[in-house]
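# Summary of the model geometry
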Amino acid sequence: MIIDSHAHVVLPPERQIQWMAEAGIDQTVLFTTTIHPETATTLQAFETELNILYDILNGVKNPLPERIQAIEELAGVIQANPERYIGFGPIPFGLSYSENLEWIERYIIANKFRGIGELTPGSGQVEKLEVLFHAAQEFDNLPLWVHTFFPLNGSDIKDLLTLAKRYPQVPTILGHMGGMHWLDTLKAVKEIPNAYLDLSATNTTIAPSFAIRELPERTFFSSDAPYASPSIAKIIIEKLVADRYVLDQVLGENIARLLQI
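Residues numbered from 1 in each chain as written. Predicted model: local features only at pLDDT ≥ 70, side-chain atom pairs only at ≥ 80, totals over all residues. Heavy atoms only, no water.

Counted by the stated rule, this structure contains five aromatic pairs. When the ring of F31 is compared with that of F88, the centres are 5.0 Å apart and the planes differ by 35 degrees; the resulting orientation is tilted. You can see F31 sitting in strand β2 (residues 27-31) and its partner F88 sitting in strand β3 (residues 85-89), a full 57 residues away along the chain. Grouping residues by exposure puts F31 and F88 together as buried. F31 gets classed as buried once you look at its relative accessible area, which sits at 0%. Geometry around F210 places R213 over its ring, the cationic atom sitting 4.6 Å from the centre. (Phe/Tyr/Trp six-rings, centres within 6.5 Å; stacked < 30°, edge-to-face > 60°. Helix = DSSP H or I, 4+ residues; strand = E, 2+ residues; numbered from the N terminus. Buried < 20%, exposed > 50% of the residue type's maximum accessible area, 1.4 Å probe, protein only. Lys NZ or Arg CZ within 6 Å of the ring centre and 35° of its normal.)

Turning our attention to the packing of helix α4 (residues 97-109) against helix α5 (residues 130-137). Their axes nearest at 9 Å, the elements α4 and α5 cross at an angle of 50 degrees. With respect to α5, the axis of α4 lies oblique. In this structure, the crossing between α4 and α5 has a hand that is right-handed. From α4, Y97, N100, L101 and I104 reach across to α5, where they touch V131, L132, H134 and A135. (Axes fitted to C-alpha atoms, helices over the stretch in contact; angles between N-to-C directions. Parallel < 35°, antiparallel > 145°, perpendicular 65-115°, else oblique. Left-handed = near helix turned anticlockwise from the far one by under 90°. Contact = heavy atoms within 4.5 Å.)

Turning to the layout of surface pockets, a few remarks are in order. The space that makes up the second largest pocket amounts to roughly 290 Å³. In this structure, the second largest pocket is lined by F113, R114, F139, D140, N141, L142, P143, Q169, P171, L258, L259 and Q260. Of the residues assigned to the lining of the second largest pocket, the class counts are seven nonpolar, three polar and two charged. (1 Å grid on protein atoms, 1.4 Å probe; cavity = no way out; pocket = protein on both sides within 12 Å on 5 of 7 lines; lining within 4 Å. Points joined across faces, edges and corners; volume = space filled by probe spheres on them. Nonpolar A, V, L, I, M, F, W, Y, C, P; charged D, E, K, R; others polar.)

Once that is clear, we can look at the sheet that holds strand β8 (residues 219-220). Where strands meet in a sheet, backbone hydrogen bonds hold them as pairs that are either parallel or antiparallel. In space, the eight strands of this open sheet follow the order β1-β2-β3-β4-β5-β6-β7-β8, with parallel pairing throughout. Single-partner strands in this sheet number two, and they are β1 (3-8) and β8. Pairing of strand β4 (residues 115-119) with strand β5 (residues 144-147) involves two bridges; the strand directions are parallel. By the bridge assignment for β5, I116 is matched with L144. Relative to strand β6 (residues 172-175), helix α6 (residues 154-166) is tilted by about 165 degrees, and along the sheet it contacts β5, β6 and β7 (195-198). (Pairing = 2+ DSSP bridges.)

Put into structure tokens, the structure is as follows:
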């Protein structure tokens with residue numbers, strides 16, 4: 001089974017199904033989005049959408065109503081095609097332990113999502129995720145998917161890995177495998193069994209090449225659609241991996257095992 005382990009809701013929904021068919025993808029782990037850059041028809045409109053995203057990534061905005069609306073959108077897309085999608089749900093940053101528990105129960109468990117993310121802490125704020133790691137334990141160790149590209153730096157990623165070591169039962173997926181800090185991230189993750197690497201949006205194809213070589217059972221194929229093409233993302237992995245067993249693991253078996261699909 002081929003599973004795109006990280007993509008966002010695309011509009012119209014038929015387009016996403018078409019992309020999956022073209023790439024030969026059986027299932028997609030689908031995440032919410034508060035913006036839809038794929039609907040932009042001009043450069044100015046695209047820039048407007050991205051500026052909203054940058055405000056969220058930089059911690060300028062943490063929009064609660066928009067997050068709830070995005071969760072409802074995601075749940076609707078999954079309900080329309082339950083055989084094609086697995087959901088991960090977002091959570092507002094900065095909630096208390098009890099508030100995290102309440103949100104997870106109401107918006108993650110109730111929607112039958114399999115994990116929490118995409119988490120987008122700002123630089124210097126990663127340690128505040130500890131209450132969420134603690135809460136995830138209470139729900140059978142829900143996986144946490146954390147954005148580790150810009151604006152996080154190397155020190156932030158070290159803080160995240162410290163939390164992963166502190167909570168060894170909570171699967172921690174490092175989105176985009178640390179961005180420009182991918183090499184240090186890869187070396188550190190090798191020693192942390194509950195840490196996994198998402199291979200989307202990497203700086204260079206040599207990064208996923210070494211990640212797969214070093215961690216063939218803890219690396220996940222993903223497209224980060226609509227920011228990349230599922231077909232092209234899959235072709236890159238196929239070109240990088242000659243061993244059929246390893247290729248099967250990265251293209252779907254690893255994430256299927258983690259999420260018990």
